[in-house]
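An overview of the molecular structure
Here's the letter readout for the chains.
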Amino acid sequence: MDLSYGTEYDDYRDEVRAFIKEHGHKSPASSKQGNKPDTEDKAWQKLLIERGYAARIIPKEYGGYGGEADLLKSVIIDEEFDGAGVSKGLGGQGISMLVPTLLELGTDEQKKKWIKPTLMGDIFWAQGYSEPGAGSDLASLQTKAHVEDGKFVINGQKIWTSSAHFADMMFILVRTEPDAPKHKGISYLLLPMDTPGIEIKPLVTMTGEATFNEVFFEDVKVPTDQIVAKRGEGWMVANATLKHERGMLGDPRQSSSLLHQVVALMNEESVNGVRLMDSPLFRDRLLKLQGRVMAMQYNSMRLLTNDLSGNTELMPILVVKLIGTHLNQDICGLAIDALGELGVLYDDSKYLRNSGMWQTRYMFMLGLIIGGGTSHIQKNIISEHGLGMPREPKPQLKA
Amino acid sequence: MEFGYSEEQKMLDESIRRFVNSEIPLDRIRELVLEGTGFDQTIWNGLSELGVLGVIIPEEFGGAGMGFLDATIIQESLGYVVAPAPFLGTCIMAPTAILAAGSDDQKNKWLPEIAAGNLKVGLGLSEVTGVRENAGVTFEGGKVSGKAMFVIDGECADGYILAAGKSTLVWVAAGAAGLTKTKLNTVDNTRGVVELVLDGVEAELIGSAGSEAAAVQKVIDAGRTALAADLLGTSQRMLERAVEYAKERKQFNRVIASFQGLKHTCATMAADLEPCRAMVWYAAHCQQEIADEATLLACQVKSHLSEVSTPIANDTTLVHGGMGFTDLMGLHFWFKRIGLSRQLLGSPESVREEAAVLQGWIAA
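The notes below deal with the structure included here.

Analysis parameters
- Every chain is numbered independently, its residues counted from 1 as its sequence is written.
- Chain labels run from A onward and ligand labels from 1 onward, assigned in the order the entries are written.
- In keeping with the predicted nature of the model, local features appear solely for residues at pLDDT of at least 70, side-chain atom pairs appear and are counted solely at 80 or more, and the whole-chain, interface and lining totals rest on all residues.
- Side-chain descriptors were evaluated using all non-hydrogen atoms of the structure, hydrogens and water having been removed beforehand.
- Counting from the N terminus, the helices are the DSSP runs of H or I reaching at least four residues and the strands are the DSSP runs of E reaching at least two.
- Radius of gyration means the value over C-alpha atoms here, while the globule rule gives 2.2 Å times the residue count to the 0.38 power.
- It only takes one pair of heavy atoms within 4.5 Å for two residues to be counted as in contact.
- Using a 1.4 Å probe, the Shrake-Rupley method yields the accessible areas, and only the shown protein chains count as cover for residues.
- Neither His nor the chain ends is counted toward charge; the positive residues are Lys and Arg and the negative residues Asp and Glu.
- Taken as the charge location is NZ of Lys, CZ of Arg, CG of Asp or CD of Glu.
- Strands are labelled as partners when DSSP assigns at least two bridges between them.
- Only the stretch in contact is used when a helix axis is fitted, and all axes are lines through C-alpha atoms; the angle between N-to-C directions ranges over 0 to 180 degrees.
- Only protein chains enter the accessibility calculation, which uses a 1.4 Å probe. A residue is then buried if its area is under 20% of the maximum for its type, exposed if over 50%, and partly exposed in between.
- Once two parts are joined, some of their accessible surface, as seen by a 1.4 Å probe, is lost; buried area is that loss totalled over both.
- What counts as a salt bridge is simple: a side-chain nitrogen of Lys or Arg found within 4 Å of a carboxyl oxygen of Asp or Glu.
- Residues enter patches when their relative accessible area tops 30% and they take part in no salt bridge; the joining distance is 9 Å for like charges and 5 Å for the nonpolar side chains Val, Leu, Ile, Met, Phe, Trp and Tyr.
- Here a Phe, Tyr or Trp ring, Trp counted by its six-membered ring, pairs with any other such ring whose centre lies within 6.5 Å, and the pair is stacked when the planes are under 30 degrees apart, edge-to-face when over 60, and tilted otherwise.

1. Section: the overall build of chain A
Looking only at helices and strands, chain A has 11 helices and 10 strands in total. Rg of the C-alpha trace for chain A: 23 Å, near the compact-globule value of 21 Å for 399 residues, within the 12% margin. Taking as baseline every contact in chain A between residues at least 6 positions apart, the subset at least 24 positions apart corresponds to 68%. For chain A, the exposed area adds up to about 19,600 Å²; of that, 52% sits on carbon and sulfur atoms. Separation of charge centres in chain A, based on 44 positive and 52 negative side chains, amounts to 2 Å.

2. Concerning the sheet that holds strand β8 (residues 204-206) of chain B
Residue and element names in this part refer to chain B. The strand order across the open sheet built from 4 strands is β1-β4-β5-β8, with neighbouring strands paired in mixed fashion. Looking along the sheet, the strands with just one partner apiece sit at the ends: β1 (121-124) and β8. Neighbour-to-neighbour, the strand axes of the sheet open up by a mean angle of 25 degrees, direction not taken into account. Where strand β5 (residues 169-173) lies against β8, 3 bridges are found, and the strand directions are antiparallel. Along β8, the bridge assignment pairs W171 with E204. Contacts between helix α5 (residues 87-101) and the sheet are confined to β1, β4 (159-163), β5 and β8, with β1 contributing the most and set at about 70 degrees to the helix.

3. Focus on the pairing of β4 of chain B
Residues and elements named next belong to chain B. Counting buried positions along β4 yields 5 of 5 residues, so the element is predominantly enclosed. For β4 and β5, the ladder comprises 5 bridges, and the chain directions are antiparallel. Among the inter-strand pairings, Y160 is bridged to a residue of β5, identified as V172. Here β4 folds back onto β5, and the loop between the two strands holds 5 residues, one of which, G165, carries a positive phi near 80 degrees.

4. A few points about the interface of chain A and chain B
Interfaces are frequently sized by the accessible area removed from exposure as the parts join. The interface of chain A with chain B comprises 47 residues on the first partner and 46 residues on the second. Between chain A and chain B, a total of about 4,100 Å² is buried, with carbon and sulfur atoms accounting for 67% of that surface. Counting the surface chain A buries against chain B, the share from its top three residues, M1, Y298 and R302 of chain A, is 18%. At the junction of chain A and chain B, the tally comes to 5 salt bridges. Here R254 of chain B and E392 of chain A are joined by a salt bridge, their closest N and O atoms 3.2 Å apart.

5. Section: the environment of G89 of chain A
Residue and element names in this part refer to chain A. Within the fold, G89 resides in the loop between α3 (71-84) and α4 (93-105). Note: C-alpha distance between G89 and L289 (200 residues apart in sequence) is 31 Å. The residues touching G89, leaving out its near neighbours within four places in the chain, are W44, Q45 and L48.

6. Remarks on a nonpolar patch on the surface
Together, M206, L366 and I370 of chain A line one region of the surface with nonpolar side chains, adding up to about 280 Å² of accessible area. Mapping M206 of chain A onto the fold places it in the loop between β6 (198-203) and β7 (212-223).

7. Overview of the packing of aromatic side chains
Residue and element names in this part refer to chain A. Under the criterion given, the structure shown has 18 aromatic pairs over all chains. The interplanar angle of 65 degrees and the centroid separation of 6.5 Å between the aromatic rings of Y12 and Y53 together place this pair among those described as edge-to-face. Remark: Y53 occurs in the loop between α2 (39-51) and α3 and Y12 occurs in helix α1 (residues 7-23); sequence separation between them is 41 residues. Y53 shares its class with Y12; the two are buried. Between W114 and W125, the aromatic rings sit 5.4 Å apart at their centres with planes inclined by 80 degrees, giving edge-to-face as the arrangement.

Structural data, given as structure tokens:
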């Protein structure tokens, strides 16, 4: 057991803290996330990249910092920026998913053309994966593209497309080889969102916000060189991307931060003149949640050690999304119950607590329980890949 | 940064697993449960040969001089096979008490004997963690009187370490005049917990009277952390048995492990249990290295592992269907061990309440 990061990293942490102290006031507010980057966002991003706090390991020639992969430094950046409530720079699926994919599988020309403007926030990407009939079973997607006059011609529909209403570009999975087996018939294309034939309809979610869209394609033409890897290799490309997504959902740092906010809430709020923290029932729920949060925090430390040492054991990774997302929703649920009737206030009200975040978060967490592989899918994965249990047999069609 | 077992700890883990798996089969458990002493000389000798009875006892007192995490590695394996061995009381809690509060003479007198396997110790602390039936022990003029209940590993013990109030620790020899020992017949016969009724029994102070509150807490923390490790092992074995059985048992022309309802039950157990592993490691590490967090972690790891283990005990039995309910499968030994561990040294609710006070969330 050695829980210290070592002096080299202690120095690095000091450096990060000094940077935050000096420049933190220039950070955009976290509430701006989910919008198109503005000048303030871009200036902050530029500064972070120059100092190696964003795009750390992306080569300089593509607009990154050009540092070496160093997991502990990345962890320190996360810890310090999150701890100080300072933005870690631009997010979005372009930076988190497309850029790593292009680095791995893109042509030299594609890397030069797309990565830098994406990192700088000049090009914002939407992801075109899910379809109404292809959710958990993504590989059964039906949006088609055939080649006509040197161009792919796309027809079909995508759904759950975040940011499509302001994105400049989309990376999309389409079926180009209808006769191939389902995993071998997909291609990964890049297309501008202002291409004629694209229609975007906002999809209002239960929170009342429209963070997702439905996107319809009617004879949308894309040059044939706007493909990553070869025709029919799109599933492989998408999986290279998905692996970069792992671990983002169910992060225990978020659980811990939510829990601290509930502690504060229960210390401040009272019902019938009794402080919530003095109610044994509410207190016990809080303590139970604290135990669950702790277990996930130490699981994270185990995962960090595994990453550092190249240990590939699966189970501690497989459980994070399932346990973490439910845990986060349960924490929000306690906050709402602790507030009681005040906890259901949602829109403008003088009695609103924490700007009404608990209801929004509670519903949003349910979205995360569903998105990125529902809990049922997570349990399939855990039982099959973690416990070695067999897949459910395919139904036999009667002749 | 290395959060996990060292190379030496991996080797210790492997050797103790090899030992328990080959030397403590289910048939042996069945025999020992009928005896109900929570002890078997052959198993004890085996542990002694492995050199683990003195795991946390410093080398100068004849021990192995290893750490608390090493102790929980062993306890986890004992839980894995529901071993009747008084390791928790004798090898973890007693040395913790003696090292925290004992004089040099006492350390020299008891620790080498414990490490050599010649001295088994029962621990009576329930009166600190939850008084029932007006139990309680008072110390006066070198003698103790009163009642100690649920003395851990007491049935086979040669001596007892008892809390007399919240801040006094005493040693009482087995068979001392005025001492009446009665076995408390719990659901779990892999461990021998007893009641001691004391009527002016000669006792030896460990440390000084009324000033060992910190030592008492340390022993309770050690016991709770070790019980969590025991629960981890017990639950891990139940989960494995559920999965093994489901892969063999066929109904409707297919193994039941291919039914999604059953897969999800097993996945839920695995998902709840897996993070517990790291939590036990961290709690064990704190007992030795991070004093500020030791008590909070002991409380939370004990209650969290209890909450995770109870549904695993139920659902593993459920996965086995009617057979799970029978004695034939022997699953009930694990079910019952989880049942006892959950209550010893405080039920989840009462332990969490201590955690609330500790964090200043409520007044003591």
